[in-house]
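If you want the building blocks of each chain, they are given just below.
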Protein chains: 2
Amino acid sequence: MTTEPLSRARIVTAAIDLIEREGADAVSMRRIAAELGVGVMSLYNHVPNKDALLNGVAEAVLSEIEFTDDPDDDWTDRVRTQARAFRQIAHHYPRCTMLVVSRQLSSAAGLLPVERALATLRSAGFDGPDAVRMVRLFIAFIVGSLLREVGVTPTFAPVHHRHLAGAEAVDPALFPEVSALAPLLGACDHDAEFEFGVELLIQAITVLHARKEGTH
Amino acid sequence: MTTEPLSRARIVTAAIDLIEREGADAVSMRRIAAELGVGVMSLYNHVPNKDALLNGVAEAVLSEIEFTDDPDDDWTDRVRTQARAFRQIAHHYPRCTMLVVSRQLSSAAGLLPVERALATLRSAGFDGPDAVRMVRLFIAFIVGSLLREVGVTPTFAPVHHRHLAGAEAVDPALFPEVSALAPLLGACDHDAEFEFGVELLIQAITVLHARKEGTH
DNA sequence: GGCTGGCACGTACACCGTACGTACGTCAAT
DNA sequence: ATTGACGTACGTACGGTGTACGTGCCAGCC
């Protein structure tokens, strides 16, 4: 039983495990210490405070994104691949996702995805300002999508599990469209929605690309 | 001094005020009670618990969105107007925004925007499934944008305030694009970014619209 | 008058983050 | 070999948190 020597990394992964197992609310310094079988205050030898620990969690999750896009591919394929890679975190660490997107990390951990995206767009012929705009647009879309997938933003199932009677209490004639489309709103194929969004964005920036080419 | 009679509404608005004044971390039942000049436990006569109170805050903020789009306008103009209306909450209640988007409300409070959006898209000729997809796409984009504006998602200023020396410590040759575009990443015109995104989305779904028309 | 129900409130408990002090190991210089 | 400095583990304690529970007040009704 040679307990290996407690480190920032061990603490962070313990926190991630705990979050995935019991949710972000279960995280407390005492709880993590117990999980690791150490005293509470020992943690503070490796992490300045809880906030920094949570930042560490966010960075760790973010830095696990694996970019596998092939530089020889078409730039649209590379964008697709990168977007999907980013989305993977929502599948690997669903309960951590909220934490990742809700914490502004000043560190460089989140910079790799941006670097990759910018490089791809620049190589596709976009100028600097346009590339930055695109990246911001994609990030906004991806972040918003992940929040929906993780369940914090609603899919807009209108109360949804009230399938007792056919009619819902919430949407009478006040919300005609919502109630008419309730079945569609209730079911959400996250994969399909995400792919739809990505394709639409790619298609949109493609025509923008073509238009610029024609103009210049 | 006829202190009016404590109510869920008074508690919620007190919470909103407090959040806007001192941030979400300042919220505690004791603090809100003090703010209202009442005992802590009195709050529980009107609100089941803190979580429900925060949901109340989210609902209240969300329900203050004012939709001013004219049904006679072009559907693209109505979409623009609705998107901007939604974004207004980030300006009226910047510190509450995170709370609004991060809390899944099962209530009907968030349903009005969806109803309006669906109605607009349906009247533009989209069928049910497409309309739902569009709404989800727009919401993802808007939510992601608001998170950036509110400062939780970074604008990707690379350390940004290290304008001491010209070069940054974080981006050597490892992040060539990021460092090359640092000035652009550092500055973010939220209005312009948002409008750009909205226009791009509208343009994209317009061509999708036209394509369907041609096909059917 | 007496009863009932809602509301305001105090107390108490379990838990939280963390400042501070302490004890113990290992290494360096004496 | 002794001493000292230093990094790490950890216990205690303080001020804060959400809220279960009990108590007292007062209005409305029989």
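Residues numbered from 1 in each chain as written. Chains lettered and ligands numbered in written order. Predicted model: local features only at pLDDT ≥ 70, side-chain atom pairs only at ≥ 80, totals over all residues. Heavy atoms only, no water.

- Per an unreviewed UniProt entry, chain A goes by TetR/AcrR family transcriptional regulator and derives from Nonomuraea montanisoli.

1. Notes on the overall build of chain A
And step 1. Assigned secondary structure in chain A consists of 10 helices and zero strands.
And step 2. Secondary structure elements in chain A, listed N-terminal to C-terminal, are α-α-α-α-α-α-α-α-α-α.
And step 3. Considering chain A as a whole, with its 216 residues, one finds that 50% of them fall into the buried category.
And step 4. Relative to all contacts within chain A whose residues are 6 or more apart in sequence, the contacts with residues 24 or more apart total 69%.
And step 5. Working note: accessible area of chain A is about 10200 Å², and carbon and sulfur atoms make up 54% of it. (Helix = DSSP H or I, 4+ residues; strand = E, 2+ residues; numbered from the N terminus. Buried < 20%, exposed > 50% of the residue type's maximum accessible area, 1.4 Å probe, protein only. Contact = heavy atoms within 4.5 Å. Areas by Shrake-Rupley, 256 points an atom, 1.4 Å probe, with all protein chains shown as cover.)

2. What to know about helix α6 (residues 111–123) of chain A
And step 1. The end-to-end C-alpha distance of α6 of chain A is 18 Å, a good match for the 18 Å that 13 residues give at a rise of 1.5 Å each.
And step 2. Just downstream of α6 of chain A, Gly125 of chain A is the residue with a positive phi angle, here 110°. (Expected span 1.5 Å × (residues − 1).)

3. With respect to the interface of chain B and chain A
And step 1. Between chain B and chain A, the residue contacts involve 60 residues of the former and 60 residues of the latter.
And step 2. Between chain B and chain A lies a buried interface of about 5000 Å² when both sides are counted; carbon and sulfur atoms form 73% of it.
And step 3. Between Arg122 of chain B and Glu177 of chain A there is a salt bridge, and its shortest N-O distance comes to 3.8 Å.
And step 4. If you look at where chain B meets chain A, you find 14 residue pairs in polar contact (both at pLDDT 80 or more).
And step 5. For the side of chain B that touches chain A, the leading source of residues is helix α7 (residues 128–150) of chain B, giving 15 residues. (Buried area = accessible area lost by both parts, 1.4 Å probe. Salt bridge = Lys/Arg side-chain N within 4 Å of Asp/Glu carboxyl O. Polar contact = N/O pair within 3.5 Å; in protein donor to acceptor, adjacent residues only side chain to side chain.)

4. Comments concerning the side chain of Ser145 of chain A
And step 1. Within the fold, Ser145 of chain A resides in helix α7 (residues 128–150).
And step 2. A relative accessible area of 2% places Ser145 of chain A in the buried class.
And step 3. In terms of polar contacts, Ser145 of chain A uses its side chain to reach the backbone carbonyl oxygen of Phe141 of chain A, at 2.8 Å.
And step 4. Once residues within four sequence positions are removed from consideration, Ser145 of chain A is found in contact with Phe194 of chain A together with Ala140 of chain B.

5. Re the protein's contact with DNA strand C
And step 1. Residues in close proximity to DNA strand C total 16 residues, the closest being Met29 and Arg30 of chain A together with Met41, Ser42 and His46 of chain B.
And step 2. Counting only atoms of DNA strand C within 4 Å of the protein, the sugar-phosphate share comes to 45%.
And step 3. Interatomic distance of 2.9 Å between a side-chain N/O atom of Asn45 of chain B and a base nitrogen of DNA strand C.
And step 4. Looking at the surface near DNA strand C, its residues break down into seven nonpolar, six polar and three charged. (Near = heavy atom within 4 Å. Nonpolar A, V, L, I, M, F, W, Y, C, P; charged D, E, K, R; others polar.)

6. Observations regarding the protein's contact with DNA strand D
And step 1. Surrounding DNA strand D, one finds 17 residues, the nearest of these being Met41, Ser42 and His46 of chain A together with Arg30 and Lys50 of chain B.
And step 2. When the atoms of DNA strand D within 4 Å of the protein are sorted by group, sugar and phosphate make up 41%.
And step 3. Within the side chain of His46 of chain A, an N or O atom sits 2.7 Å from a phosphate oxygen of DNA strand D.
And step 4. Measuring from a phosphate oxygen of DNA strand D, one finds a side-chain N or O atom of Ser28 of chain B at 3.0 Å.
And step 5. Within the surface near DNA strand D, the residues separate by chemical class into eight nonpolar, six polar and three charged.

7. Considering the relation of the copies chain B and chain A
And step 1. Once chain B is rotated about the relating axis by 180° and shifted along it by 0.0 Å, it coincides with chain A to within an RMSD of 0.1 Å. The superposition of one copy onto the other is thereby described by a two-fold rotation axis.
And step 2. Both copies present the same face, since 100% of the interface residues in chain B are matched by interface residues at the equivalent positions in chain A. (Least-squares fit on C-alpha atoms with pLDDT ≥ 70 in both.)

8. Focus: the nonpolar core
And step 1. Core analysis: the largest hydrophobic core is formed by 144 residues, its most contacted members being Ile32, Val57, Leu118 and Leu121 of chain A together with Ile32, Leu118 and Leu121 of chain B.
And step 2. Every residue in contact with Val57 of chain A, bar those within four places of it in the chain, is listed here: Val12, Ala15, Ile16, Ile19, Cys96 and Leu99 of chain A. (Core = buried A, V, L, I, M, F, W, Y, C linked by side-chain atoms within 4.5 Å.)

9. Structural notes on a negative patch on the surface
All names here are of chain A.
And step 1. Among the surface-exposed residues, Asp70, Asp72, Asp73 and Asp74 lie close enough to one another that they form a single negatively charged patch.
And step 2. Tracing the sequence through the fold places Asp72 in the loop between α3 (50–62) and α4 (75–92).
And step 3. Looking at Asp72, the relative accessible area reads 71%, which means it is exposed. (Patch = residues over 30% accessible without salt bridge, like charges linked within 9 Å, V, L, I, M, F, W, Y side chains within 5 Å. Lys, Arg positive; Asp, Glu negative; His and termini not counted. Charge placed at Lys NZ, Arg CZ, Asp CG, Glu CD.)

10. Details of unusual backbone geometry
All names here are of chain A.
And step 1. Its identity as a non-glycine residue notwithstanding, Leu6 has a phi of 40°, on the positive side.
And step 2. Note on placement: Leu6 falls in the segment before α1 (8–22).
And step 3. Judged by its relative accessible area of 13%, Leu6 falls in the buried class.

11. Remarks on the side chain of Arg87 of chain A
All names here are of chain A.
And step 1. When you line up the elements, Arg87 lands in helix α4.
And step 2. A relative accessible area of 6% places Arg87 in the buried class.
And step 3. Here Asp191 takes part through its side chain, which lies 2.4 Å from a polar atom of the side chain of Arg87.
And step 4. Those residues in contact with Arg87 that sit more than four places away from it in its chain are Leu146, Glu149, His190, Asp191 and Phe194.

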